[in-house]
Every structure is written in structure tokens, then in C-alpha cells.
Amino acid sequence: MYFTVNEFILFGLTQDPRKQKAIFGVFLMLYLATLLGNFLIVVTIKRSRTLGSPMYFFLFYLSFADACLSTTISPRLIVDAISQRKTISYKECMAQVFTGHFFGCTEIFVLIVMAFDRYVAICKPLRYTTIMNRHVCSVLVILGWVGSCIHSSAQIFLALRLPFCGPNVIDHYFCDLQPLLKLACMDTYVINLLVVSNSGAICTVSFIILLISYVIILYSLRNYSAEGRRKALSTCTSHFIVVVLFFGPCIFIYTRPATTFPVDKVVAVFYTTGAPLLNPLIYTLRNAEVKNAMKKLWCNKV
């Protein structure tokens, strides 16, 4: 017999009081640094006249998605680290499932579009401005938002179908389908297959598409001058680092049967906290145009 669970208890990263204090301090600084870094990129691209190319148009939305993804996950982890009662209501849990997958999937689609932009810029330079005009860029971003909404709606549809009849301790630091499946009072084999075919397929197929695009780009660079190859490789390397940091953990989590491991929570930190933090650092430290635009904009403000 089932009864309604009104709230869940988030186990968190650890139950050790001393480690929880360290987690509070570390993740608070990481979260603030993530917000600051992505805020600087968003404002710089929005206000700078020199960053009007499609690559920076997409970088604007990548930074926005990073900030939103981090805000979906990190505040709850930070507050729970110093709270005695680590509860989250059923509705809040479902909302976190939806928003986490929405902004995570948005980041995936934006990374794919950014790879396509680099492909056109390097492989079809004479037609670049024609193909990647502002209308096309806007349509690609809108399609990314729509695709993310469809994906997250499918996830929340599966989550809402899960019945809970007693155990309500989620062995994780945020709500996601994998730990929720362990608490469900039903055979979750079919739902897990649907999760793998949805989240797992999106992560794996997207990663393969990105790898193929970068192989094609690298092959095309053989006709470039040494300076042209250096500049193109610098841009593509920063993109590829972001891709590996985000997709590696995602594929590990979402493409396997309904089993959880203790390392899952640590792996999840990479794509919920690490990637949103490192993205602005990678795109600014390895990009002279962004650094110069930031110096010009913010030094004038000061």
C-alpha cells in the first residue's frame, strides 16, 4: 500500500560535521566564483562592441546556462552543509529535477552549436558570415531551448510516475532520477531504460558528434598557415576541454543500469559545480579578445 511522501532528506556529500563545515566554505567560494565569472562574461559580451561574432553570441548563452545550472544545485548543497535538518519538499525536489536537466541539456546543445560555428569558421571561411548570420544563430539557440524543455519535461514525467512508500533519504546532494529510482516502490527497470535512452543517449550521441566535428576541424587545418593553425587550435582546444569536463561525468552517470556507486556524488560535482566554474576561466584565460574586452570595459567603469 502506497502513501504520499511530502518531503525527502538529502544525505549530502558526507555526514561528518567537520567535513560539512569545510564543504560549506569551499562550495560557497566556488559558487560565488562561478556566478562572478559567468556574470563578467555575460555583461562583457553584452556591452562590448568587439565581441559581436557568433562564437561570443553562443558563449553568452553558455555562461548564462552555467550560472543557472550552478544556482539550481549549489545553494541547496551549501545550506544543507550547515543545517541540522536536510529536507527538501516533494515539489522542490521535482522542480530541481526539471531545472537541473533543463539547464544541463541547454549547455549540451550550446556546446554542439559552438562546435558547428567553429566548423563553419574553419572549413568554410568564405561563407561564414552568410551561413552564421544573426537570424540563424538566434534560431539555433531557440531550438536548443526547445530541445532542453522537451528533454526535461520527459524527465519530470518519469519522476512524477514514481510512487514512494516509506524510505525518503536520498543518497545524494541534489534530486535526480537515479537516486530517486532507488526509493521508488515499484519495478523501475523500464523507467531506467527510458532514462538511459533519454539522458544517456543525449550525452553519448552529443559527445560523439562533437568528437567527429573536432576531428574534421583538425583535418581541415592542414591547409592553414602556421599562425592560422595556432589560433584555430587555441580556440578549439579550449572548447574541447569544456566538452570533456562536462560530458565525461555525464556519460558515466547516465549511461549505465540502475545502479549507484559512492563515487557518483563526487563525479556529479564535476558537471554541476566544476564545469560551470571552469568554463569562464577557460574561455577568458585562453582568449585574448575576451580578456582585452574585459580590461577595456571594466577598467573604464572603474
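Going by what an unreviewed UniProt entry lists, the chain is known as Olfactory receptor and is assigned to Canis lupus dingo. Per UniProt, the chain has the following entry under Subcellular location (unreviewed entry): "Cell membrane". What UniProt records for the chain under Function (unreviewed entry) is the sentence "Putative odorant or sperm cell receptor."

Asks: Explain the overall build of the chain to me, please; I cannot follow it from the model alone.
Replies: Helix and strand counts for the chain stand at 10 helices and three strands. Taking 19 Å as the expected radius of gyration for a compact globule of 302 residues, we find that the chain reaches 21 Å, a close match to that expectation. Projected onto its principal axes, the C-alpha positions of the chain cover 70 × 45 × 30 Å. Among the 302 residues that make up the chain, the fraction classed as buried is 50%.

Asks: What's the story with the environment of Thr 99 in this structure? I'm lost.
Replies: As for its placement among the helices and strands, Thr 99 is situated in helix H3 (residues 90–123). Considering only alpha carbons, one finds Thr 99 and Leu 69, 30 residues apart in sequence, at a separation of 7.6 Å. For Thr 99, the side chain forms a polar contact with the main-chain oxygen of Gln 96, separated by 3.5 Å.

Asks: I would appreciate a short explanation of the packing of aromatic side chains in the present structure.
Replies: By convention here, two paired aromatic rings are described through the distance between centres and the angle between planes. Following the criterion strictly, the structure yields 16 aromatic pairs and no others. A centroid spacing of 6.1 Å and a plane angle of 10 degrees characterise the contact between Phe 98 and Phe 102, whose relative ring orientation is stacked. Placement of both Phe 98 and Phe 102 in helix H3 is noted, with a separation of four residues, approximately one turn of the helix. Residue classification places Phe 98 among the partly exposed positions, given a relative accessible area of 27%.

Asks: Hey, could you run me through the UniProt feature "transmembrane region" (unreviewed entry) in the chain in this one?
Replies: Mapped onto this numbering, the UniProt entry annotates "transmembrane region" (unreviewed entry) at residues 22–43, 55–78, 98–116, 136–158, 199–221, 233–254 and 266–285. The distance from the first to the last C-alpha atom of residues 98–116 is 27 Å, and the span holds 100% helix and 0% strand. End-to-end, the C-alpha atoms of residues 136–158 are 33 Å apart, and along that stretch the chain is 100% helix and 0% strand.

Asks: Would you explain the pattern of salt bridges in this entry?
Replies: Working definition: two side chains of opposite charge can pair if their charged atoms are close together. Counted under the stated rule, the structure contains five salt bridges. With a closest N to O distance of 3.9 Å, Asp 80 and Arg 76 form a salt bridge. Taken together, the residues Asp 80 and Arg 76, both in helix H2 (residues 54–80) and four residues apart, mark about one turn of the helix. Overall, the relative accessible area of 7% leaves Asp 80 in the buried class. Across the pair Lys 265 and Asp 171 runs a salt bridge, and its minimum N-O distance is 3.1 Å. With a gap of 94 residues between them, Lys 265 in helix H9 (residues 264–285) and Asp 171 in the loop between strand E3 (169–170) and helix H6 (177–183) connect regions that are remote in the sequence.

Asks: Could you clarify how one ought to interpret the pairing of strand E1 (residues 7–10) in this entry?
Replies: Two faces, one strand: in a regular strand the side chains alternate between the faces of the sheet. The alternating pattern of E1 places Phe 8 and Leu 10 on a buried face and Glu 7 and Ile 9 on a face that is not buried. Here two bridges tie E1 to E3, and the two strands are oriented parallel to one another. Each residue of the ladder has a partner; that of Ile 9, found in E3, is Val 169.

Asks: Mind showing me how you'd approach the state of the cysteines here?
Replies: What makes a disulfide is a covalent bond joining the sulfur atoms belonging to two cysteines. All chains considered together, the criterion is met by two disulfides. Disulfide pairing places Cys 93 opposite Cys 175 at an S-S distance of 2.0 Å. Handedness of the Cys 93-Cys 175 disulfide follows from its S-S torsion of about -120 degrees: it is left-handed. Residue Cys 93 is found in helix H3, and its partner Cys 175 is found in the loop between E3 and H6; the two are separated by 82 residues along the sequence. Classification of Cys 175 by relative accessible area gives buried; the value is 2%. At a sulfur-sulfur separation of 1.6 Å, the disulfide partner of Cys 165 is Cys 185. On the sign convention where negative is left-handed, the bridge of Cys 165 and Cys 185, at about -105 degrees about the S-S bond, is left-handed. Taken together, the positions of Cys 165 in the loop between helix H5 (134–160) and E3 and Cys 185 in the loop between H6 and helix H7 (189–220) put the pair 20 residues apart, joining distant regions of the chain. For Cys 165, a relative accessible area of 26% translates into the label partly exposed. Judged by its relative accessible area of 16%, Cys 185 falls in the buried class. Here the bonded cysteines of the chain are numbered in sequence order, and their pairing is 1-3, 2-4. Note on Cys 68: no disulfide assigned, nearest cysteine sulfur contributed by Cys 149 at a separation of 14 Å.

Asks: Can you help me understand H5 in this one?
Replies: Given 3.6 residues per helical turn, the α-helix brings residues three or four places apart onto the same face. A rise of 1.5 Å per residue sets the reference length of H5, with its 27 residues, at 39 Å; its end C-alpha atoms lie 39 Å apart and thus fit the reference within 8%. Of the surrounding elements, those touching the buried residues of H5 are H2, H3, H6 and H7. The N-cap residue of H5 is Asn 133: its side-chain oxygen and the backbone nitrogen of His 135 are 3.1 Å apart.

About the cut-offs
- Residues numbered from 1 in each chain as written.
- Predicted model: local features only at pLDDT ≥ 70, side-chain atom pairs only at ≥ 80, totals over all residues.
- Heavy atoms only, no water.
- UniProt positions renumbered as here; feature names shortened; annotations may be inferred.
- Helix = DSSP H or I, 4+ residues; strand = E, 2+ residues; numbered from the N terminus.
- Rg over C-alpha atoms; globule rule 2.2 N^0.38 Å.
- Buried < 20%, exposed > 50% of the residue type's maximum accessible area, 1.4 Å probe, protein only.
- Polar contact = N/O pair within 3.5 Å; in protein donor to acceptor, adjacent residues only side chain to side chain.
- Phe/Tyr/Trp six-rings, centres within 6.5 Å; stacked < 30°, edge-to-face > 60°.
- Salt bridge = Lys/Arg side-chain N within 4 Å of Asp/Glu carboxyl O.
- Pairing = 2+ DSSP bridges.
- Disulfide = S-S within 2.5 Å.
- Expected span 1.5 Å × (residues − 1).
- Contact = heavy atoms within 4.5 Å.

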